[in-house]
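One-letter residues, chain by chain:
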Amino acid sequence: MSGSSLRQLEIRWIDLNPTRGAETKKKRPCVILQSDLVNQGSRTVIVGPILPGHKDWPFAINLKPSKANGLDKDRHINLKQLHAVDVSRIAKKQGMLEGRYLASIKTALAIVFDL
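Residues numbered from 1 in each chain as written. Predicted model: local features only at pLDDT ≥ 70, side-chain atom pairs only at ≥ 80, totals over all residues. Heavy atoms only, no water.

**Some thoughts on unusual backbone geometry**
Selection rule: Numbering of helices and strands starts at the N terminus; helices are DSSP runs of H or I of at least 4 residues and strands are runs of E of at least 2. A simple rule labels every residue: compare its accessible area, found with a 1.4 Å probe on the protein chains alone, to the largest value its type can have, and call it buried under 20%, exposed over 50%, or partly exposed in between.
Of note in this structure, L9 is not a glycine but carries a positive phi near 80°. On the secondary structure map, L9 appears in the segment before β1 (10–15). In the Ramachandran plot, D114 falls in the positive-phi region, its phi being about 55° despite a non-glycine side chain. Mapped onto the fold, D114 is located in the segment after α2 (102–113). Residue D114 is classed as exposed on the basis of its relative accessible area, which comes to 70%.

This is the structure:
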């Protein structure tokens, strides 16, 4: 797989192991945050892990399950736990995150990076 076959807002299963300390662990769904332009020819992709439950954190994006995103229950993207992963860690597609979440993602990233 190459980065050019990946699309921003796709939800893919990614093996985040090995980890250390408080890093998000195991194989889990993650949303591709890196733009399609940057994905072209890239061997690494920036993703946000999708974790169970609803969180009221300024850096969390709460998600509702839908046919498009393929999620099974309420979950959240923890944008404080961004990962740059090699494309070899990326597995099957879960679904596509709806565009309505993009503005909230941008706002949360601005908070995380104090932009």
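**Digging into the environment of A108**
Inclusion rule: When checking whether two residues touch, look at their non-hydrogen atoms; a contact exists if any pair is within 4.5 Å.
Here A108 shows up in helix α2. Expressed as a C-alpha distance, the spacing of A108 and D36, which sit 72 residues apart in the sequence, is 20 Å. Residues in contact with A108, not counting those within four places in the same chain, are P58, F59, I61 and L79.

**What to know about the nonpolar core**
Selection rule: Side-chain atoms within 4.5 Å are what join buried Ala, Val, Leu, Ile, Met, Phe, Trp, Tyr and Cys residues into a set we call a nonpolar core.
Of all hydrophobic cores here, the largest spans 14 residues; its most connected members are I61, L63, I77, L97 and I105. Mapped by element, the contributors of at least two residues to this core are β4 (60–63) and α2. When neighbours within four sequence positions are excluded, L97 is seen to be in contact with L9, I11, V31, L63, N69, I77 and I105. Within the second largest apolar cluster, ten residues are counted, among which are I14, L16, I32 and I90.

**Quick look at α2**
Threshold: How far a helix is expected to stretch is found by multiplying one less than its residue total by 1.5 Å.
If you check α2, its first and last C-alpha atoms are 16 Å apart, about what twelve residues at 1.5 Å a residue would give, namely 16 Å. Following α2 by one or two positions, D114 has its phi on the positive side, about 55°.

**Thoughts on the side chain of N78**
Put simply, the rule is: Pairs of N or O atoms are called polar contacts if they sit within 3.5 Å, as long as, within protein, a hydrogen donor faces a hydrogen acceptor (for residues adjacent in sequence, only side-chain-to-side-chain pairs).
Mapped onto the elements, N78 comes out in strand β5 (residues 75–78). Residue classification places N78 among the buried residues on the basis of a relative accessible area of 6%. At a separation of 3.0 Å, a polar atom in the side chain of N78 contacts the main-chain amide nitrogen of K80.

**A word on the side chain of R75**
One can find R75 in strand β5. Apart from the residues within four sequence positions on either side, R75 is in contact with I50, L51, P52, G53, I61, N62 and L63.

**Thoughts on the environment of Q8**
Mapped onto the elements, Q8 comes out in the segment before β1. Leaving out residues up to four positions away in the same chain, Q8 has contacts with I32, L33, Q34, S35, D36, N39 and M96. Side-chain polar atoms of Q8 contact the backbone oxygen of L33, separated by 2.8 Å.

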